[in-house]
Amino acid sequence: MTTTPPLLEVRQVGKRFPGVRALHQVDLTLAQGEVLAVVGENGAGKSTLMKILAGVQSPDSGQILVDGRQVQLDSVSASIASGISLIHQELNLADNLQVGANIFLGREPRRFGLIDERRINIEAQAVLERVGLDVPPTRLLAELSIGRQQMVEIAKALSVKARVLIMDEPTSSLSTHETEQLFRVVKELRDSGVSVIYISHRLGEVTELADRVTVLRDGENAGELPREEISHDNLVRLMVGRDISQFYARRPHEIGEPLLEVSNLRTPTWPQHELTFSVRRGEIVGVSGLVGAGRTEMLQTLFGIDRALGGTVKVNGTRVPAASPREAISAGLALVPEDRKQHGVIVEIGVRPNIGLPGLRRNQLKLGMLNAAVERRDTQTMIEKLRIKTPTAEQIVQFLSGGNQQKVVLGKWLTLEPKVLLLDEPTRGIDVGAKQEIYGLMEALAEQGVAILFVSSEMEEILGMSDRALVMHEGRITGELARSDLSEEAVMQLATGRSDAA
Ligand SMILES: Nc1ncnc2c1ncn2[C@@H]1O[C@H](COP(=O)(O)OP(=O)(O)OP(=O)(O)O)[C@@H](O)[C@H]1O
Ligand SMILES: [Mg+2]
């Protein structure tokens, strides 16, 4: 009797980077029509393994088999020929091209030697419909929100007609609705016999989707769970090697006078609405709402990235001039942005110069010389405090894992010791263990008297971390909930604009 080999098998794969052992003797199998989740902490080696399968990186050792036969995945086209397609963790699209052109980039259908635009548009339209994205193929990619760009990336991978589709944190910038669409697509793919490797830090998604889970820890296999044993606690135990209890350890602390006062603020995106609220010394205020409710716009206007059309912002009683992030910083504001590639870090330079960036002015000595010692000390503190996984402080940021890049952004702004800290989706892409560290850090900063305003799309985070929550809907603050009134239902009522229940 012969048994059919698995569709895909990884045997004893190893991969090193200078100073880092990213993968060590890793095994993985994938059956046809199976959804396999791969989980692990930031820097565990998940993306590296997926890049090897996609032919983006080559392993130092080990074998990869497809249908029981060894394959050389030494280029992206070799992987695609073997039926493997990867949706990258970091968006990998061309901003200056149309949506359809992005979907067919590098494999454009041709007619008489010319690119067949008509066919591109027809076929792109079909895959866009399949992922439920209502955008014409002729739209410029740059005009779409990050969530929609992510859906284009997914449409692109689908259009290759892969046998194995790898999704590396596909939902980290999707709205609830887009996430549901994606889940529907994943289940349809599975039912049609396509295999999916799914990577996510959202353990709820893993529990819902996965037929099986493989766990990586420090570049090695740390265990496997069959469908019936997949639970939050089992996943966490295998990932971090310890129990994480007391996820949101809020301690009662003193809340003082208002440090941030916003009155009648009008943003360019929602000029018809005025925003008025305050955040007090030592207070943590969460901002909830659906994607597109205007939360990011509010933070960006507060910080002066977008020009306010009216209203005032005061920090510690002093008015902050509009439209100047520099003045906002000197007034004591700091913003950790949502899109780390655009506003967060410069990925081409090292960890230290990134963390040093906003402090440049403060650290400058006489004669215009940078105080390198201060910068080195700040960087070391942040690497330790945030447990940034990097071989040295000089490592180029784009070589860090996604979650560790996010920590660099956070470290960069924390060195400024702001009075008011604005955080936009602070734990996006961050693993469970590190999330807890960030919550602990927010708590510690609040205890030191920092006023914190954080935007989050994760309900648990809003409920767990807020002393008070603001809820937004279509550019307006539809309600404010004290900690004692916080519940999922109350937040959702306000987030969907139904205030009748209140
Ligand atoms: N091109 C590279 N050069 C140097 N080091 C790298 C490179 N790519 C990854 N690494 C390192 O390899 C390790 C594994 O990284 P990887 O991106 O695979 O982690 P991950 O599990 O995907 O983490 P995350 O959940 O944060 O995305 C990390 O220590 C990372 O810094
Ligand atoms: Mg990754």
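Note that this is a predicted model, so its numbers are computed, not measured.

A.B. asks: Is there a simple way to explain the site of ligand 1 in this structure?
C.D. replies: Taken together, 21 residues surround ligand 1, and among them G43, K46, T48, S401 and G403 come closest. Expressed as a share of its isolated accessible area of 640 Å², the protein-covered part of ligand 1 is 94%. Those elements giving two or more residues to the shell around ligand 1 turn out to be strand 2 (20-30), helix 1 (46-53) and helix 15 (402-414). Broken down by class, the residue content of the shell around ligand 1 amounts to six nonpolar, twelve polar and three charged.

A.B. asks: Is there a simple way to explain the domain arrangement of the protein chain in this structure?
C.D. replies: Much of the literature gives interface size as the accessible area that the parts lose upon coming together. Domain annotation of the protein chain identifies domain 1 (8-240) and domain 2 (258-332 + 418-495). Of note, the centres of domain 1 and domain 2, computed from C-alpha atoms alone, are 33 Å apart. Taken together, the contact between domain 1 and domain 2 spans 15 residues of the former and nine residues of the latter. Buried area between domain 1 and domain 2, summed over both chains or domains, comes out near 870 Å², and the portion from carbon and sulfur atoms is 57%.

A.B. asks: I would appreciate a short explanation of unusual backbone geometry in the present structure.
C.D. replies: A positive phi angle, near 55 degrees, is found at Q12, a position not held by glycine. The residue N264 is not glycine, and still its phi comes out positive at about 50 degrees. Relative to the helices and strands, N264 resides in strand 13 (residues 258-266). Judged by its relative accessible area of 37%, N264 is partly exposed.

A.B. asks: Help me understand the sheet that holds strand 5 (residues 69-70) in this model?
C.D. replies: Strand pairing in a sheet relies on backbone hydrogen bonds. The paired strands run either parallel or antiparallel. On the basis of which strands lie adjacent, the open sheet formed by four strands has the order 2-1-4-5 and antiparallel pairing. The open sheet has two free edges, formed respectively by strand 2 and strand 5, since each of these has just one partner strand. Examined bridge by bridge, strand 1 (residues 8-17) and strand 4 (residues 61-66) share five bridges and lie antiparallel to one another. Residue pairing across strands places R11 opposite Q63, the latter belonging to strand 4. This element, helix 1, spans strand 1, strand 2 and strand 4 of the sheet and lies at about 115 degrees to strand 1.

A.B. asks: What exactly am I supposed to notice about the environment of R387 here?
C.D. replies: Within the secondary structure, R387 sits in the loop between helix 14 (372-385) and helix 15. In the structure, R387 is positioned 278 residues away from P109 in sequence and 47 Å away in space, judged by C-alpha atoms. A distance of 3.2 Å separates a polar atom in the side chain of R387 from a polar atom in the side chain of E437.

A.B. asks: Looking at this structure, how should I read a nonpolar patch on the surface?
C.D. replies: A contiguous nonpolar patch, built from V56, V76 and I80 and spanning about 220 Å² of accessible area, is present on the exposed surface. Mapped onto the elements, I80 comes out in helix 2 (residues 76-81). Residue classification places I80 among the partly exposed residues on the basis of a relative accessible area of 34%.

Reading guide: rules and limits
- Within any chain, residue numbers begin from 1 and follow the written order of that chain's sequence.
- Lettering for chains starts from A, numbering for ligands starts from 1, and both go in the order in which the items are written.
- Since the coordinates come from a predicted model, pLDDT governs what is reported: local features require at least 70, and pairs of side-chain atoms require 80 or more to be given and counted, while whole-chain, interface and lining totals use all residues.
- Calculation of side-chain values draws on the structure's entire complement of heavy atoms; hydrogens and water are dropped beforehand.
- Working definition: residue near molecule or strand if any one of its non-hydrogen atoms lies within 4 Å of it.
- Here the accessible surface of atoms and residues is derived via Shrake-Rupley with a 1.4 Å probe, and residues count as covered only by protein chains that are part of the display.
- Each helix is a run of DSSP H or I of at least 4 residues and each strand a run of E of at least 2, with the numbering of both proceeding from the N terminus.
- Residue classes follow a fixed rule: Ala, Val, Leu, Ile, Met, Phe, Trp, Tyr, Cys and Pro count as nonpolar, while Asp, Glu, Lys and Arg count as charged, and any other residue, Gly among them, counts as polar.
- Per the annotation, domain bounds derive from an automatic or database assignment of domains.
- Whether two residues are in contact is decided by their heavy atoms: any pair within 4.5 Å suffices.
- Accessible surface is computed with a 1.4 Å probe, and the buried area is the amount of it that two parts give up when combined, taken over both parts together.
- Note on exposure labels: buried denotes an accessible area under 20% of the residue type's maximum, exposed denotes more than 50%, and partly exposed covers the range between, all computed with a 1.4 Å probe on protein chains only.
- Paired strands, in this sense, are two strands between which DSSP finds at least two bridges.
- Lines fitted to the C-alpha atoms define the axes, with helices restricted to the stretch that makes contact. Angles between their N-to-C directions range from 0 to 180 degrees.
- Throughout this description, a polar contact denotes any pair of N or O atoms lying within 3.5 Å of each other; where both atoms belong to protein, one of them has to be capable of donating a hydrogen while the other can accept it, and for residues adjacent in sequence the pair is counted only when both atoms sit in side chains.
- The patches reported here contain residues having more than 30% relative accessible area and no salt bridge. Joining distances are 9 Å for like charges and 5 Å for nonpolar side chains (Val, Leu, Ile, Met, Phe, Trp, Tyr).
- The term salt bridge refers to a side-chain nitrogen of Lys or Arg lying within 4 Å of a carboxyl oxygen of Asp or Glu.

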